[in-house]
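Spelled out, the chains give:
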Amino acid sequence: MSRPVARAESPAVNRHFRLAAAALGISVLVRLAWVLFLPNGMNFVDLHVYVDGSAALGSGNLFDYTDSSKTPDFPLPFTYPPFAALVFYPLHFLPFSVVAIAWLLATMAALFGVVWLALELILGKDALREQHWRTVAVAWTAVGLWLEPVRTTLDYGQVNVFLVLIAMLAVRSARWWVSGTLVGAAAGVKLTPAVTGLYFVARRRWLAAVWSGVVFFGTIGLTYLITPDETRKYFTELLGDATRIGPVGSSVNQSLRGALSRILGHDVVSGPVWLAAVLVTAVLAVLAWRALAKDDRLGTLLIVQLFGLMVSPISWSHHWIWLIPVVLWLLYGPMREAAGARLVAGYWLVTTVIGVPWLLSHFQTSIWTISRPGILSWLAAVDVIGVLIFYVWVAWAGRREQSGPEAAACVTTQGPARAA
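Residues numbered from 1 in each chain as written. Predicted model: local features only at pLDDT ≥ 70, side-chain atom pairs only at ≥ 80, totals over all residues. Heavy atoms only, no water.

(A) Representation of a nonpolar patch on the surface. On the surface, a nonpolar cluster with roughly 610 Å² of combined accessible area is contributed by Trp-176, Trp-177, Leu-207, Val-210, Trp-211 and Val-214. Every element with two or more residues in the nonpolar patch is listed here: α8 (176-189) and α10 (206-226). Of all the elements, α10 adds the most residues to the nonpolar patch, at four residues. Given a relative accessible area of 54%, Leu-207 falls into the exposed group. (Patch = residues over 30% accessible without salt bridge, like charges linked within 9 Å, V, L, I, M, F, W, Y side chains within 5 Å. Areas by Shrake-Rupley, 256 points an atom, 1.4 Å probe, with all protein chains shown as cover. Salt bridge = Lys/Arg side-chain N within 4 Å of Asp/Glu carboxyl O. Helix = DSSP H or I, 4+ residues; strand = E, 2+ residues; numbered from the N terminus. Buried < 20%, exposed > 50% of the residue type's maximum accessible area, 1.4 Å probe, protein only.)

(B) Structural detail: the packing of helix α4 (residues 96-123) against helix α6 (residues 148-156). Relative orientation of the contacting elements α4 and α6 amounts to 155°, with a least axis distance of 10 Å. As judged from the angle between their axes, α4 and α6 are roughly antiparallel. When you trace α4 past α6, the crossing you get is right-handed. Of the residues in α6, those touching α4 at Leu-104, Thr-107, Met-108 and Leu-111 are Val-150, Thr-153 and Leu-154. (Axes fitted to C-alpha atoms, helices over the stretch in contact; angles between N-to-C directions. Parallel < 35°, antiparallel > 145°, perpendicular 65-115°, else oblique. Left-handed = near helix turned anticlockwise from the far one by under 90°. Contact = heavy atoms within 4.5 Å.)

(C) Local environment of the confidence of the model for the chain. In the predicted model, the chain carries a mean pLDDT of 90, and the fraction of residues at 70 or more is 93%. Mean pLDDT per element in the chain: helix α21 (residues 405-414) is the minimum at 46, and helix α16 (residues 323-332) is the maximum at 98. Long-range and interchain partners of residues 1-6, a stretch whose pLDDT sits below 50, account for 17 contacts in this model, where long-range means more than four residues apart. Low pLDDT (under 50) marks residues 406-420, which in the prediction has 31 contacts with non-local residues, meaning those over four places away or in another chain. (pLDDT = per-residue confidence, 0-100.)

(D) Up close: the environment of Leu-147. Locating Leu-147 in the fold gives a position in the loop between α5 (131-144) and α6. When its relative accessible area of 6% is taken as the criterion, Leu-147 is described as buried. For the pair formed by Leu-147 and Val-353, sequence separation is 206 residues and the distance between their alpha carbons is 4.9 Å. Filtering out sequence-adjacent residues up to four positions away, Leu-147 remains in contact with Ile-324, Leu-349, Thr-352 and Val-353.

Right, here's the structure in full:
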């Protein structure tokens, strides 16, 4: 990316920054009030699993733990690798309310980091020294707090924002051992960040890819030394059991398997229908990746991460934190001037502001019932359809950029900073 031209800060820019900061401050305060004063504000069902479940590490009962205090229809088990329990273990020595508030604040700070790094990967480090782009970062953090993936992450006390931030830090770093360590350790906590290894392969960062695998297996070896039976049980018995993670057919499962199961009325598991859908998705992902500019690190990362969300058996709506960098890339990235960029960004903004999967969950008689009216099943494929649209659009828009050298040269010389 070219270095953006510095601009003098005007009173209007400073005023906009104050407004953005006020919006973020109000959002944070509202969230805190929500937690402290509403009857069910201190929800944090997943944080309970992290904290209380990890306390059983080494007892032989780690994967027998369940918490049904907030979800009586689905007792939540500890579904993460034993290394996650090792990481979370110290938290159970603290009062849960202290952990919850600290987790909430840290998650919101991590979201700011995600937004900041997304803009930095798009614009370059120098751009973020300008008040204008700092205002953009603060404003989008305030917006992001109210989009469904973040809303539900904050409600449940989920770890998703931290994992996204770690993956982006890994991409930002040019040191193979830093990048590999971050991704390998994150995959040890929750397996989904392992898909970031495909980013290293796409960027031909072979050492980072190999080292991330070494670190991941190192986390397995470490927990095997501490608790061999629980480590063995997770990786030999529980790893492929999607039903243990939750109801595959629930509208909040926004994976290919979830969408296809709802549309067809039965769990497609990893059968031929699912395999065909994965193949189509993979082809579209490769076409989109090949249409990107060679220096577009964020674009490559987003294509990889969306592919991971699609092919995972379970991708709850709160896993889709990556949609925030997607929107930023569409609005400020190298293809921002292409026809349809704002339309695709608008699609994601509308669906996440509404919280379509969450809204449709109220039409389910049971989270375990897969068969539902057809129109609701198609509406509940909102994220899957959005990813397919995104891939097709990137492939189309990127090819047009590549076939128009004058337009491509204009984008290269003027750089992304001219976007408002």
